[in-house]
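Okay, here's what each chain looks like letter by letter:
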Amino acid sequence: MIQIENLQKTYGKIRALAGIDLRVGQGELFAYLGPNGAGKTTTIRILTGLTKLSEGTAILNSYDIRTRSRAAKRQCGLVPQQINLDGELTVRENLDIHGRLFAMAGAKRKQRILELLDYVELLERADSLVKQLSGGLKRRVLIARALLHHPRILFLDEPTVGLDADIRRRIWGLIKKIQQDGTTIFLTTHYIEEAEFLADRVAFLDEGRIVALDRPDRLIAELGGWAVDQLADSGMQTRYYPDREAAREAMAGRDTGFTLRRVNLEDAYLAQTGKKVK
Amino acid sequence: MIQGFIAVYLREMIIVKRRFKRLVASMAVSPLLYLLAFSYAMGGEVKFDGFTYTEFLIPGLVAMSSMIQSFAIATDINVARFYWGIFEEFQAAPIRNAAYVAGEVLAGMTRALIAIVVILLLGLAFGVNLDYGPLLWVAALLNSFVFASLAVALAMLVRSHADQSLLTSFVITPMAFLGGTFFPVERLPDWAENILFFLPLTHASESIRAVAFGRVPDWRAYAVLAGVGLFCFLLALKTVNKAKD
């Protein structure tokens, strides 16, 4: 479980987080969406002990990150946005060092490494140097490393950024599988369809504040079921309707220049913040 | 604490093992050039306290190489920080800062130990066989403790690889030449000798040379090295903690 109250972070005069309040339940897959600079990565960095918070409290499975930082870190696995594997070490050596850092005993550690390499389908690359792997394979190693010490909370900071669509889909499958094993997942992503597909609940973050928080289907339903995009002189305009019939009626008499489609999470985000997720 | 320390140290040792031949070759190049250039150029004509210049040079090279190689851990730390980004893997792990610092410092000292063996083997090849008793090793290891700890402390403060090379140029290179490696410090004017007293390498060179020449080293030099080493270690703990933002 993650409990955050009034979480604030300032860098000099820049306020990266302006007071976040949040609760994520055990086994929940929670997505944190926002444009660049909204504070997504800052939140994850604070929760995983990489950055100090300025104000507020954050508790991970009953451990306060300020007063019980090492116990809190033991609860967490982290897949960072930037690949941070040691390229000069093999896949197995990277995982072994991680296991030692989390004080895993020898035989248990070796067994767990094999299990996870099998889980992410990388057993045959165990003794390859990490610098010889593709970006997609490195992402899978990062996921294996983050899960090695049986974390109860997994932080995924843009886990599929820069990956091909097919590899992204495979990683989605892996994330779902991890959640089914009972792990709480805190996900940040630029891919709004990723959050829509994976998340139980979503928070929209804008300028260091949460502007909306709910289940994706509820956030979408607030706008209605259908949308019509229409090209106007001022750019693309979108109108929302409760159902398809209502949308078609509104467009009656027009043959071209509009698109009828289902409302998605990006519409909900735009309606809340007036910004595109980038 | 112990597991974290072992993890940090083991990672560095895997890299040392993987680069071992290249590392040893790089450790041998400069000392070999100094030995060739100075020994042959000076011949047997220059003597200090009855010892040839080559014999004088070997203990100085032991001190200098242990300093350079232990300080070189800073470069590895910054490659890990800026290129591979794995410093964050250590920061996100439930280990004490002391485990991280101790692991990196011991890795630096291990590199220094390899360099010392390389220098002594080179000395043997040049026909130099001095007294390599335990106090020589203690002085060399204290010297490498000082510079490995300083390396960790400074590695946390630099913001790029370019900053790192500046440190080497302004800290290590002057000390290598002025710290009693190539000439006896007592031959300098008093004011210069007084300044050089503040360089840890001067104490290391003099202690190592005293043992190698079969004399009793000054215990105060060991105390200075231990004190400066401890100060640098504590400084490293502080800068590692500060590196979190």
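Our subject is the structure listed above.
Everything numeric here is computed off the predicted structure, so don't read it as measured data.

Caption draft 1: A look at the overall build of chain A. Within chain A, the regular secondary structure consists of 10 helices and 13 strands. Each principal axis of the C-alpha distribution contributes one length, and for chain A these read about 70 × 45 × 30 Å. In chain A, the 43 positive side-chain charges and the 36 negative ones have mean positions that sit 7 Å from each other.

Caption draft 2: Just helix α11 (residues 219–242) of chain B, in detail. For α11(B), spanning 24 residues, the distance from its first C-alpha to its last is 35 Å, which sits close to the expected 34 Å at 1.5 Å a residue. Each element contacted by the buried residues of α11(B) is listed here: α5 (87–91), α6 (97–125), α7 (134–155) and α10 (200–212) of chain B.

Caption draft 3: Representation of the interface of chain A and chain B within the structure. Facing the 30 residues of chain A at the interface are 26 residues of chain B. Both faces combined, the contact of chain A with chain B buries some 2700 Å², and carbon together with sulfur accounts for 53% of it. Of all residues in chain A, A:R70, A:E88 and A:L101 give up the largest surface area on contact with chain B, accounting jointly for 25% of the area buried on that side. Across the chain A-chain B interface, the total number found is 5 salt bridges. The salt bridge involving B:R11 is made with A:D86; its shortest N-O contact spans 2.4 Å. Counting across the interface, chain A meets chain B through 7 residue pairs in polar contact (both at pLDDT 80 or more). Looking at the side of chain A that touches chain B, the elements that each hand over two or more residues are α2 (69–74) and α3 (91–101) of chain A. Element by element, the count of residues in the side of chain A that touches chain B is highest for α3(A), at 6 residues. The class makeup of the residues in the side of chain A that touches chain B is 10 nonpolar, 7 polar and 13 charged.

Calculation notes
- Residues numbered from 1 in each chain as written.
- Chains lettered and ligands numbered in written order.
- Predicted model: local features only at pLDDT ≥ 70, side-chain atom pairs only at ≥ 80, totals over all residues.
- Heavy atoms only, no water.
- Helix = DSSP H or I, 4+ residues; strand = E, 2+ residues; numbered from the N terminus.
- Lys, Arg positive; Asp, Glu negative; His and termini not counted.
- Charge placed at Lys NZ, Arg CZ, Asp CG, Glu CD.
- Expected span 1.5 Å × (residues − 1).
- Contact = heavy atoms within 4.5 Å.
- Buried area = accessible area lost by both parts, 1.4 Å probe.
- Salt bridge = Lys/Arg side-chain N within 4 Å of Asp/Glu carboxyl O.
- Polar contact = N/O pair within 3.5 Å; in protein donor to acceptor, adjacent residues only side chain to side chain.
- Nonpolar A, V, L, I, M, F, W, Y, C, P; charged D, E, K, R; others polar.

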